[in-house]
Amino acid sequence: MTKEPIEVLDDLADQVADEFEAYRQPDEFKDVSLVIENSDEEHPTLIVHVDREDAESLADRIDEFLREHGARTERERHSATDVRVLATVD
């Protein structure tokens, strides 16, 4: 039995949260935020929002981590400190 894409993305979000835990401190502003957009249930997207100085460098690491775990990725760059990595799976 194969997992649904939303379940795979949920697991992947947990792995990203664990791997980049230092950027997600609960009592501080989070440099890395995670959201699963599932308005299209057949093609949900994990959005990893990086909001910090030198966001591109951290986004590179997150992008590589996601690809190593089987996701296809795209980027949205809103400014030097605001980058989003979008991940999808089959």
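In this text the structure is predicted, and so the values were computed from the model without any measurement. (Residues numbered from 1 in each chain as written. Predicted model: local features only at pLDDT ≥ 70, side-chain atom pairs only at ≥ 80, totals over all residues. Heavy atoms only, no water.)

Undergrad: Quick question: what am I supposed to make of the nonpolar core here?
TA: In this structure, L46, V48, I62 and L66 are the most contacted members of the largest nonpolar core, which totals 20 residues. Looking at this core, the elements that each hand over two or more residues are α1 (5-19), β2 (45-51), α2 (55-68) and β4 (82-88). Per-element tally for this core: the top contributor is α2, with 6 residues. Residue contacts for V48: discarding those within four places in its chain leaves V32, S33, L34, I62, L66, V83, R84 and V85. (Core = buried A, V, L, I, M, F, W, Y, C linked by side-chain atoms within 4.5 Å. Buried < 20%, exposed > 50% of the residue type's maximum accessible area, 1.4 Å probe, protein only. Helix = DSSP H or I, 4+ residues; strand = E, 2+ residues; numbered from the N terminus. Contact = heavy atoms within 4.5 Å.)

Undergrad: Could you clarify how one ought to interpret the packing of aromatic side chains in this entry?
TA: The geometry of an aromatic ring pair is captured by the separation of the ring centres together with the interplanar angle, meaning the angle of the planes. Per the stated rule, a full pass over the model turns up 1 aromatic pair. Centre to centre, the rings of F20 and F65 are 5.7 Å apart; their planes meet at 85°, and the pair counts as edge-to-face. Here the residue F20 occupies a position in the loop between α1 and β1 (32-37), and F65 occupies one in helix α2, the gap between them amounting to 45 residues. F65 carries the same exposure label as F20, and that label is buried. (Phe/Tyr/Trp six-rings, centres within 6.5 Å; stacked < 30°, edge-to-face > 60°.)

Undergrad: Can you help me understand the pairing of strand β3 (residues 72-79) in this one?
TA: A regular strand places its side chains so that they alternate between the two faces of the sheet. Of the strand pairs in this sheet, β3 and β4 are connected by 7 bridges, and their pairing is antiparallel. Opposite R77, over in β4, you have V83 as the bridge partner. Where β3 folds back onto β4 in an antiparallel hairpin, the turn is made up of 2 residues. (Pairing = 2+ DSSP bridges.)

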